[in-house]
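Topology and contacts: notes
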Amino acid sequence: MKKDLYEKSLVSALINFLLYIFKWLCLCLCVINAALTIGLVVMAVFSHGDLANVVLTRMLNYISGMNPDAVMDIIHSVGKVKVMVAGEGYGFASSLTFGLTYALVSKFKILLDSIFKGEMYTRSNVELINGALPYTLILAFGPAVIMYVIVEMTGVFDLSDINVSGVIYVCICYILKLIFE
């Protein structure tokens with residue numbers, strides 16, 4: 001019996017450590033992407049649309065991870081304004097993704113702590129899962145819709161750049177809802 005408690009506390013500590021690292025990493029990436037996006041917006045506004053290609057290339061490289069040579073080619077083919085709009089939209093979508101992931105992992109950690117305490121089937125856990133459902137739907141479809149609009153309006157990104165990994169969170173949340181209800 002003592003060995004079971006030791007294993008349970010060891011697994012609990014390991015899972016909490018991994019969730020803690022993932023949660024704060026998501027928050028850091030959200031803040032960094034939001035700061036880069038706000039920086040791009042401020043530079044675009046104060047330069048009156050006459051931002052240097054090198055600066056725009058560097059900012060889009062930081063925000064989206066695109067190759068600087070490819071960004072420079074896109075600037076020459078579609079125009080500087082469309083690249084600025086696409087970079088700002090991509091930054092907003094990625095900040096939204098990381099911010100909502102942070103919020104969901106925080107809720108899941110509360111749920112997991114409740115499970116480890118032995119209070120699995122409580123009303124507060126069901127309310128916590130029901131409260132997480134809108135976040136998962138926004139996480140699944142919000143950034144994808146934003147990226148689709150950016151692809152169609154600007155032509156800077158491809159349809160393959162649309163991230164639909166949030167559907168996993170919807171599936172997990174609905175499975176948890178079925179289990180707890």
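Residue indices begin from 1 for each chain and proceed along its sequence in written order. It should be noted that, the model being predicted, local features are given only for residues of pLDDT at least 70 and side-chain atom pairs only at 80 or more, the latter also being counted only at that level, while totals for whole chains, interfaces and linings use all residues. Hydrogens and waters are ignored; side-chain quantities use all the structure's heavy atoms.

Turning our attention to the overall build of the protein. Along its length, the protein carries six helices and zero strands. Helical segments are the DSSP runs of H or I of at least four residues, strand segments are the runs of E of at least two, and each set is numbered from the N terminus. Helices (α) and strands (β) of the protein occur, in sequence order from the N terminus, as α-α-α-α-α-α. Here the protein has a C-alpha radius of gyration of 21 Å; the compact-globule value for 181 residues is 16 Å, and the former is much larger. For the protein, the C-alpha atoms occupy an extent of roughly 70 × 30 × 25 Å along the three principal directions. Throughout, a contact is declared for two residues whenever any of their heavy atoms are within 4.5 Å. Residue pairs in contact within the protein that sit at least 24 positions apart in sequence constitute 74% of those at least 6 positions apart. Only the protein chains shown count as cover for residues, with accessible areas throughout obtained via the Shrake-Rupley method and a probe of 1.4 Å. Only carbon and sulfur atoms are counted for the fraction: they give 70% of the accessible area of the protein, which is about 10700 Å². When charges are counted, neither His nor the chain ends are considered; positive counts come from Lys and Arg and negative counts from Asp and Glu. A charged residue contributes its charge at one atom only: NZ of Lys, CZ of Arg, CG of Asp or CD of Glu. In the protein, 12 positive and 13 negative side-chain charges are present, and the distance between their average locations comes to 12 Å. This radius of gyration counts C-alpha atoms alone. The globule rule is 2.2 Å times how many residues there are, raised to the power 0.38.

So, on to the packing of aromatic side chains. Any pair of Phe, Tyr and Trp rings, taking the six-membered ring for Trp, is counted once the centres come within 6.5 Å. Such a pair is stacked with planes under 30 degrees apart, edge-to-face with planes over 60 apart, and tilted for the rest. In total, this model carries four aromatic pairs according to the counting rule given. Plain terms: the ring middles of Trp24 and Tyr102 are 5.6 Å apart, the flat faces sit at 55 degrees to each other, and that makes the pair tilted. Taken as a pair, Trp24 in helix α1 (residues 2-46) and Tyr102 in helix α4 (residues 80-116) lie far apart in primary sequence, 78 residues in all. Note on Tyr121 and Phe180: the rings are 5.9 Å apart at their centroids and 55 degrees apart in plane angle, and the pair reads as tilted. In this pair, Tyr121 sits in the loop between α4 and α5 (123-154) while Phe180 sits in helix α6 (residues 167-180), placing the two residues 59 residues apart along the sequence. Assessed through its relative accessible area of 6%, Phe180 is described here as buried. By the ring-pair criterion, three or more aromatic residues cluster together here, those being Tyr20, Trp24 and Tyr102. Buried residues are those whose accessible area, probed at 1.4 Å on protein chains only, stays under 20% of the maximum for their type, while exposed residues exceed 50% and partly exposed ones sit between those limits.

The next thing to look at is helix α2 (residues 53-64). Multiplying one less than the number of residues by 1.5 Å gives the expected span of a helix. The end-to-end C-alpha distance of α2 is 16 Å, a good match for the 16 Å that 12 residues give at a rise of 1.5 Å each. Residues of α2 that are buried: Leu56, Thr57, Met59, Leu60, Ile63 and Ser64. At the exit of α2 stands Gly65, carrying a positive phi of roughly 80 degrees.

Nonpolar cores are built from buried Ala, Val, Leu, Ile, Met, Phe, Trp, Tyr and Cys residues. Side-chain atoms within 4.5 Å join them into one set. Of all hydrophobic cores here, the largest spans 21 residues; its most connected members are Leu40, Leu56, Met66, Val83, Met147, Val156 and Phe157. Counting only elements with at least two residues in this core, the list comes to α1, α2, α3 (68-78), α4 and α5. For this core, the element with the highest residue contribution is α4, accounting for five residues. Once you skip the residues sitting within four places of it in the chain, Val83 turns out to touch Leu56, Leu60, Ile74, Ile75, Val78 and Val156. Formed by 12 residues, the second largest nonpolar core is a distinct cluster that contains Leu104, Leu111, Ala132 and Cys173.

On the surface, Leu137, Phe141, Val145, Tyr148, Val149, Met153, Leu159, Val164, Val167 and Tyr174 cluster together into a nonpolar patch covering about 930 Å² of accessible area. With six residues, α5 is the single largest residue contributor to the nonpolar patch. Here Phe141 shows up in helix α5. Judged by its relative accessible area of 48%, Phe141 falls in the partly exposed class. Patch definition: residues with relative accessible area over 30% and no salt bridge; like charges joined within 9 Å; nonpolar side chains (Val, Leu, Ile, Met, Phe, Trp, Tyr) joined within 5 Å. Each reported salt bridge corresponds to a side-chain nitrogen of Lys or Arg within 4 Å of a carboxyl oxygen of Asp or Glu.

Moving on: the pattern of salt bridges. Scanning the model with the defined rule gives one salt bridge in all. Put simply, Lys109 and Asp113 hold a salt bridge, and the shortest N to O gap is 3.4 Å. Of this pair, Lys109 and Asp113 both sit in helix α4, separated by four residues, roughly a single helical turn.

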